[in-house]
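Understanding the architecture of this molecule
So you can see what is in the structure, the chains are spelled out below.
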Amino acid sequence: MDEKLLERAEEFHGHMCGGLTIGLRTGLLAQKLFSEISFRNAEIIVTSKTSACPKDGLMVVLGVRPDNRTLEINPDLDCDYKFYDIIDEKTVKVFMKELPEGVTREQSAKFYREAEDEAIFRWEIIEE
Ligand SMILES: [Zn+2]
């Protein structure tokens, strides 16, 4: 992962942790699955199940924010993160996989920094 992005995220969040790294990776995955332009124009609504550390990573990567409703928190979400493209009516549901055996919580930031997307997440693309 890009060092500059990590530095920017740590400054924004106040510390480096596994959760923040998850948020960054989720944001980068979403950028890969959607066009960046859609995020800039607020054509995608991001819903996060957690309001904890990962949300800050999403904010840093995608520029989404709770105050303009591009980022919503919903503890009842049926996946960990959901991206809804208003224009193309495409939904991507992202689910976190379990940490691999032997990776402790303390090592998780490193794991989430280095692992392939497929090792961290599974995702479903729903076209309407
Ligand atoms: Zn944190």
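Up top is the structure these notes are about.
Residues numbered from 1 in each chain as written. Predicted model: local features only at pLDDT ≥ 70, side-chain atom pairs only at ≥ 80, totals over all residues.

1. Some details on the overall build of the chain
- When its secondary structure is counted, the chain shows six helices and five strands.
- Ordering the α and β elements of the chain from the N terminus gives α-α-α-β-α-β-β-β-α-α-β.
- When the backbone C-alpha atoms are referred to their principal axes, the chain occupies close to 40 × 30 × 25 Å.
- Going through the 128 residues of the chain one by one, you find that 27% of them count as buried.
- Looking at the chain alone, contacts between residues at least 24 apart form 71% of all its contacts between residues at least 6 apart. (Helix = DSSP H or I, 4+ residues; strand = E, 2+ residues; numbered from the N terminus. Buried ≥ 20, exposed ≤ 12 C-beta atoms within 10 Å, placed from the backbone. Contact = placed C-beta atoms within 7 Å.)

2. Things to note about the sheet that holds strand β5 (residues 121-127)
- Taken in spatial order, the five strands line up as β2-β1-β3-β4-β5 in an open sheet, and their pairing is mixed. A strand with exactly one partner marks an edge of an open sheet, and here the two such strands are β2 (71-73) and β5. Going from strand to strand, the sheet's axes swing by 15° on average, the running direction of each strand aside.
- Looking at chain direction, strand β3 (residues 81-85) and strand β4 (residues 90-96) are connected through five bridges and run antiparallel. The partner of K82 across the bridge, within β4, is K93.
- Along the sheet, helix α2 (residues 18-33) makes contact with β3, β4 and β5, crossing β4 at roughly 150°.
- The strands touched by helix α4 (residues 54-62) are β1 (44-48) and β2; relative to β1, the strand with the most contacts, the crossing angle is about 160°. (Pairing = 2+ DSSP bridges. Axes fitted to C-alpha atoms, helices over the stretch in contact; angles between N-to-C directions.)

3. Some points on the pairing of β5
- Burial analysis of β5 places just zero of its seven residues in the buried class, a small minority of the element.
- Bridge count between β4 and β5: seven bridges; the pairing is antiparallel. Bridge pairing in β5 links T91 to I126.

4. Focus: the packing of helix α1 (residues 3-13) against α4
- Relative to each other, α1 and α4 sit at 130°, their axes nearing to 10 Å. As far as their axial angle goes, α4 and α1 are oblique. The handedness of the crossing between α1 and α4 comes out as right-handed. Of α4, the residues touching α1 (which contributes R8, A9, F12 and H13) are D56, G57 and V60.
- Its residues placed into classes, the contact of α1 with α4 shows three nonpolar, two polar and two charged. (Parallel < 35°, antiparallel > 145°, perpendicular 65-115°, else oblique. Left-handed = near helix turned anticlockwise from the far one by under 90°. Nonpolar A, V, L, I, M, F, W, Y, C, P; charged D, E, K, R; others polar.)

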